[in-house]
Amino acid sequence: MSREPVDKRHEYPIRIGNWLPDDQESIKKWLDDLIKEVEEKYSAEKGCSVKLDGKFMVPRDWLDPLVQEFKDFVDNDATIRMPYTKMFTEVTEKETPIGTPQVQSYHVMFLLVSFIINNWAPRYTQILLPINAILNWSIGAADGYVAFLNKRANEYWMKVLNKWGVFLKSPLSCYVLNDEPGGWFSESAMANMPDFEKEFICDPTAPHYGFASWDDFFTRKFRDGVRPVASPDDKNIITNACESHALFLQYEVKLTDDFWVKDQWYSLRDMLNDDPYTSQFVGGTVYQASLYMLNYHRWHSPVDGKVVKAYKIPGTYYSASLNDGKDTRAPDNSQGYLCNVATRAAIFIEADNPSIGLMCLLAVGLVEVSTCEINPNLVSKDGPKTVKKGDEIGSFHFGGSTHCLIFRPGVNLQFEQTVLDSIGILHAKNMKLNSKLATVIR
């Protein structure tokens, strides 16, 4: 799809999940405000005029120690300094639909990121992925593609994002859990969560509705009975593992495929990190669905069975497919691609129903939303852990993500019509947790 820099100024694609606004102007305004806030903060603290432009060079003592460690790595390794430099200059040499991007160097990027991870929790606005917004155009640049695939750089991103996670799990992040404009219990927020008090465990009479941190609010739990398990005694019924929106359904999945091309075919060897179980799924089926901003963010078992293996797979954080060139929705256009490279968790379940047998839930983190937590009781030295349909098995932290259910060949699945009607449709119907997803046809 072509994207004209001037004539198409206000015609932008819809973003999946409402994690960032559909229109670039809103992102631009938020980023302008953030840059101004950081400039004013450091101008006042350092007693000098700070201008975050392409000439800005950040002093060592201005950065969080972890961010400084990351920047030292970029500064001292030419093979990574080149793409981290060019992914900003490559963008600023050409106009975007909103004009020249505000973030013009990795020096500016690191200072903004340092500020975010120590001071900032998402408000009820459409800027819930602040670092994604900072990197919005660089993610889709050719040099950004190189930069965000670098293994060592991704290890630094993991450390930085974990540091932000410490803040989001602390009481300091509760400043956004209120009924003021932009707060998560404001009138506009509650209008989009009309049954919040009935559906979620909370205490409206307590400060912050009883939540201890922003992450505590984000990983909130449903009250008992809110999402009943469909046909709990029928082992031929597979239930929805996440509160989510259907994205893709692919049959006859290959062991190895070109996941980086336009169609973003699933490549099992890459998705499952070449796990010994991988060969059992060749020729099978993959169903993928995405979690939205206001969704419940815990995963539940879609079948009765035993968890035979569960572990996390390290991967990328801001990598996106280059297929569409400069992607205004990066990484939204890369949902299939990311299942092969992003940080993720794999849970293998041997279903009690032999017509299903071994299946896998793959939970995939997106951008700064990459903390995949597997319930610790699933991994035991005492052998496989028995689970029932609807049992909680893990969760995402700090934002939403996507997930796949992977089935072996020969498993004859009849997906619900509401699921089939939603495949490939942006802002598709919400599929409730534990609802009927598919039936196994014997």
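As a starting point, this report considers the structure included with it. (Residues numbered from 1 in each chain as written. Predicted model: local features only at pLDDT ≥ 70, side-chain atom pairs only at ≥ 80, totals over all residues. Heavy atoms only, no water.)

**Description of the pairing of strand 2 (residues 244–250)**
Of all the seven residues making up strand 2, six are buried; the element is thus mostly covered by neighbouring parts of the structure. Of the pairings in the sheet, the one linking strand 2 to strand 3 (residues 285–290) comprises five bridges and is antiparallel in character. Within the sheet, the bridge partner assigned to Gln250 lies in strand 3 and is Val286. (Buried < 20%, exposed > 50% of the residue type's maximum accessible area, 1.4 Å probe, protein only. Helix = DSSP H or I, 4+ residues; strand = E, 2+ residues; numbered from the N terminus. Pairing = 2+ DSSP bridges.)

**Overview of the pattern of salt bridges**
Opposite charge on two side chains makes pairing possible when the charged atoms of those side chains draw close. Under the counting rule described, the total for this entry stands at 18 salt bridges. Asp72 is the partner of Arg60 in a salt bridge, and the nearest nitrogen-oxygen pair spans 2.9 Å. One end of the pair, Arg60, is in the loop between helix 1 (24–46) and helix 2 (65–76); the other, Asp72, is in helix 2, and twelve residues separate them in sequence. Across the pair Glu392 and Lys221 runs a salt bridge whose closest N-O atoms are separated by 3.9 Å. Placement of Glu392 in strand 10 (residues 392–397) and of Lys221 in the loop between helix 11 (214–218) and strand 1 (237–239) is noted, with a sequence separation of 171 residues between them. Relative accessible area serves as the criterion here: at 39%, Lys221 is assigned to the partly exposed category. Linked by salt bridges that have partners in common, Lys235, Asp304, Asp352 and Lys388 make up one network. (Salt bridge = Lys/Arg side-chain N within 4 Å of Asp/Glu carboxyl O.)

**Digging into the pairing of strand 10**
In terms of residue burial, strand 10 counts as a mostly covered element, since five of its six residues are buried. Pairing analysis gives four bridges linking strand 8 (residues 371–374) to strand 10, with the strands arranged antiparallel. In the strand pairing of strand 10, Ile374 is matched with Gly394.

**Section: the packing of helix 2 against helix 4 (residues 106–119)**
At a minimum axis distance of 10 Å, the contact between helix 2 and helix 4 shows a crossing angle of 165°. Accordingly, the angle class assigned to the pair helix 2 and helix 4 is roughly antiparallel. As helix 2 runs across helix 4, the sense of the crossing is right-handed. Contact residues: helix 2 offers Val67, Phe70, Lys71, Val74 and Asp75, while helix 4 offers Tyr106, His107, Phe110, Ser114 and Ile117. Of the residues contributing to the contact of helix 2 with helix 4, the split by class is six nonpolar, two polar and two charged. (Axes fitted to C-alpha atoms, helices over the stretch in contact; angles between N-to-C directions. Parallel < 35°, antiparallel > 145°, perpendicular 65-115°, else oblique. Left-handed = near helix turned anticlockwise from the far one by under 90°. Contact = heavy atoms within 4.5 Å. Nonpolar A, V, L, I, M, F, W, Y, C, P; charged D, E, K, R; others polar.)

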